[in-house]
Amino acid sequence: MLDYASVPYLRHVVYRRFDAGAHTITLDAAALRLIDAASIKVLLYLRERALGAGGDLRLTDARGTALAALEIAGVAKELDAYGEAGWPAEDRASTPVDLAAVHLGHGHWPVGVTEMLQRLHSLSPADRRRARLRDEVIELCLPAAHHLARRYAGSGEPVGDLAQVAAVGLIKAVDGYDPQRGIEFGAYASPTVTGELKRHFRDRTGAVRLPRRVQELRMQLHRARDELTLALGRPPHAEDLATHLGAGVDEVVECLTAGHLQRPISFDAPAAGTGEHEDTTLADLVGGADPGFELAELRASLPAAMAGLPEREQRIIALRFYGNLSQSEIAAHVGMSQMHVSRLLTHALGFLRRRLA
């Protein structure tokens with residue numbers, strides 16, 4: 001059977017052939033009884049890799065259900081499934097592959113880890129085998145987690161730090177995985193580890209997002225600075241970097257200073273040069289708008305706005321805010337009900353707010 005669980009082994013074996021320089025590969029499918037869509041997708045990808053290197057990859061002599069699956073997918077002719085291997089069976093060099101000894105590439109979550117986690121969850125919390133199995137799963141999956149971390153190697157963060165963050169994400173994935181949901185561990189672990197890496201960049205790195213042009217040039221500058229330091233025997237100047245990268249000196253200076261701008265100083269940081277006032281922070285030295293100016297303007301505008309009100313409403317306003325009387329007391333002074341005073345007061349305040357605004 002060639003399915004989702006077994007196809008990583010095939011991919012690993014074919015990659016080893018590619019690394020050895022063999023790019024024309026024939027897979028004998030005579031004994032293949034079952035093949036699924038994930039495996040067909042991988043086979044097509046491997047064939048593209050082989051064709052790109054000047055070779056080819058064939059899946060010959062397919063039969064029965066396997067051939068029917070290839071025909072349904074429309075790739076039977078493309079993979080040469082109707083053809084034959086082309087040499088007698090007795091002359092074929094057959095090399096058994098011990099799947100238990102195959103160490104999958106770093107880009108793949110190990111096959112069988114889902115079953116290991118199912119066994120782990122079936123054990124009681126007090127069982128000593130549980131902790132040992134958990135450690136084994138984490139150790140087995142670390143290469144795949146580190147592979148995800150290396151995707152961010154050009155971000156300016158040390159690769160070792162990213163690997164540790166990915167390991168933390170892997171531990172969270174192992175502890176948070178629920179086998180009852182029926183999904184593969186890799187489908188859950190990849191976004192968990194990636195999310196932990198992105199959270200690291202959000203919380204621990206620059207608070208200011210630089211333009212893409214500056215980010216790309218900064219990555220080139222990091223590599224160029226190391227190369228020129230070895231070549232010149234000294235740290236390179238901005239002119240040296242600009243000449244090496246074919247960029248302008250102003251662009252290089254902008255990128256060199258951009259790294260400091262990604263980490264703005266906190267307002268709670270101590271202010272330099274404050275002498276005896278050691279507790280003074282930058283926030284204490286930042287000026288702000290004086291609310292007194294706005295109040296002075298409102299006070300100057302209020303008499304003109306009040307003049308636009310009827311005399312009775314002006315008197316109610318004066319008794320309420322200058323005499324500090326309640327609505328009931330105002331009603332007794334002007335000879336009307338408290339409800340009427342409330343309506344007139346609401347109308348007068350609305351009019352003043354509109355005029356002053």
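Here, the structure is the one placed above.
Residues numbered from 1 in each chain as written. Predicted model: local features only at pLDDT ≥ 70, side-chain atom pairs only at ≥ 80, totals over all residues. Heavy atoms only, no water.

Peer 1: A description of the overall build of the chain should follow, citing residues and the corresponding values.
Peer 2: Counting secondary structure elements, the chain contains 15 helices and two strands. Classification of the 357 residues of the chain by burial places 34% in the buried group. Residue pairs at least 24 apart in sequence account for 61% of intrachain contacts in the chain once pairs closer than 6 positions are excluded. (Helix = DSSP H or I, 4+ residues; strand = E, 2+ residues; numbered from the N terminus. Buried < 20%, exposed > 50% of the residue type's maximum accessible area, 1.4 Å probe, protein only. Contact = heavy atoms within 4.5 Å.)

Peer 1: So what about the environment of Tyr322? Which residues, and what values?
Peer 2: Among the structural elements, Tyr322 can be located in helix α13 (residues 311-322). Setting aside residues no more than four positions away along its own chain, Tyr322 makes contact with Leu302 and Ile317.

Peer 1: So what's going on with the packing of aromatic side chains? Which residues, and what values?
Peer 2: Per the stated rule, a full pass over the model turns up two aromatic pairs. Look at Tyr177 and Phe185: their rings are 5.5 Å apart centre to centre, the planes differ by 85 degrees, and that puts the pair in the edge-to-face class. The same class applies to Tyr177 as to Phe185, namely buried. Judged by centre distance (6.0 Å) and plane angle (55 degrees), the rings of Tyr177 and Tyr188 are tilted. With Tyr177 in the loop between α6 (159-176) and α7 (185-204) and Tyr188 in helix α7, this pair connects stretches of sequence that are 11 residues apart. A relative accessible area of 26% means that Tyr188 is categorised as partly exposed. Of the aromatic side chains, those joined through ring pairs into one cluster are Tyr177, Phe185 and Tyr188. A cation over an aromatic ring shows up here: Arg320 above the ring of Phe321, its NZ or CZ 5.6 Å from the ring centre. (Phe/Tyr/Trp six-rings, centres within 6.5 Å; stacked < 30°, edge-to-face > 60°. Lys NZ or Arg CZ within 6 Å of the ring centre and 35° of its normal.)

Peer 1: So what about the side chain of Thr194? Which residues, and what values?
Peer 2: Here Thr194 shows up in helix α7. At a separation of 2.8 Å, a polar atom in the side chain of Thr194 contacts the main-chain carbonyl oxygen of Ser190. (Polar contact = N/O pair within 3.5 Å; in protein donor to acceptor, adjacent residues only side chain to side chain.)

Peer 1: Account for helix α2 (residues 37-52), naming residues and giving values.
Peer 2: Between the first and last C-alpha of α2 there are 23 Å, a value that for 16 residues agrees with the 22 Å anticipated at 1.5 Å per step. Within the sequence span of α2, burial applies to Ser39, Ile40, Val42, Leu43, Leu46, Arg47 and Ala50. When α2 is viewed along its axis, its buried side chains cluster within an angular range of 160 degrees and face the same direction. For α2, the exposed residues set more than 90 degrees away from the buried face come down to Ala37, Lys41, Glu48 and Gly52. Phi turns positive, to about 85 degrees, at Gly54, one or two residues after α2. (Expected span 1.5 Å × (residues − 1). Arc of directions from axis to C-beta.)

Peer 1: How would you explain the pairing of strand β1 (residues 24-28) if you had to name every residue and give the values?
Peer 2: Alternating positions in β1 separate cleanly, Ile25 and Leu27 being buried on one face and Thr24, Thr26 and Asp28 remaining unburied on the opposite face. As judged from the five bridges shared by β1 and strand β2 (residues 56-60), these two strands associate in the parallel manner. Bridge pairing in β2 places Asp28 opposite Thr60. For the crossover from β1 across α2 to β2, the handedness is right-handed. (Pairing = 2+ DSSP bridges. Right-handed = clockwise from strand over helix to strand, strands pointing away.)

Peer 1: Residues and numbers for the side chain of Thr114, please.
Peer 2: Mapped onto the secondary structure, Thr114 falls in helix α4 (residues 113-122). The class of Thr114 is buried, set by a relative accessible area of 6%.

Peer 1: Tell me about the packing of α13 against helix α15 (residues 338-356), and please be specific about residues and values.
Peer 2: Describing two packed helices takes the angle between their axes plus the distance from one axis to the other. Two numbers describe how α13 lies on α15: the axes approach to 10 Å, and their chain directions differ by 95 degrees. Relative to α15, α13 is oriented roughly perpendicular. The segment α13 lies against α15, with Arg312, Glu313, Ile316, Ile317, Arg320 and Phe321 engaging His340, Val341, Leu344, Leu345, His347, Ala348, Leu349 and Leu352. Of the residues assigned to the contact of α13 with α15, the class counts are nine nonpolar, two polar and three charged. (Axes fitted to C-alpha atoms, helices over the stretch in contact; angles between N-to-C directions. Parallel < 35°, antiparallel > 145°, perpendicular 65-115°, else oblique. Nonpolar A, V, L, I, M, F, W, Y, C, P; charged D, E, K, R; others polar.)

Peer 1: Which residues make up the pattern of salt bridges, and what are the values?
Peer 2: Applying the stated criterion across every chain, the model contains 10 salt bridges. Across the salt bridge formed by Arg47 and Glu78, the nearest N and O atoms sit 3.8 Å from each other. Placement of Arg47 in helix α2 and of Glu78 in the loop between α3 (64-73) and α4 is noted, with a sequence separation of 31 residues between them. Overall, the relative accessible area of 40% leaves Glu78 in the partly exposed class. Arg134 is the salt-bridge partner of Asp135, the closest N and O atoms lying 3.9 Å from each other. In this structure Arg134 comes out as partly exposed when scored by relative accessible area, which is 26%. Among the ionic contacts, a cluster of salt bridges with common partners joins Arg47, Asp56 and Glu78. (Salt bridge = Lys/Arg side-chain N within 4 Å of Asp/Glu carboxyl O.)

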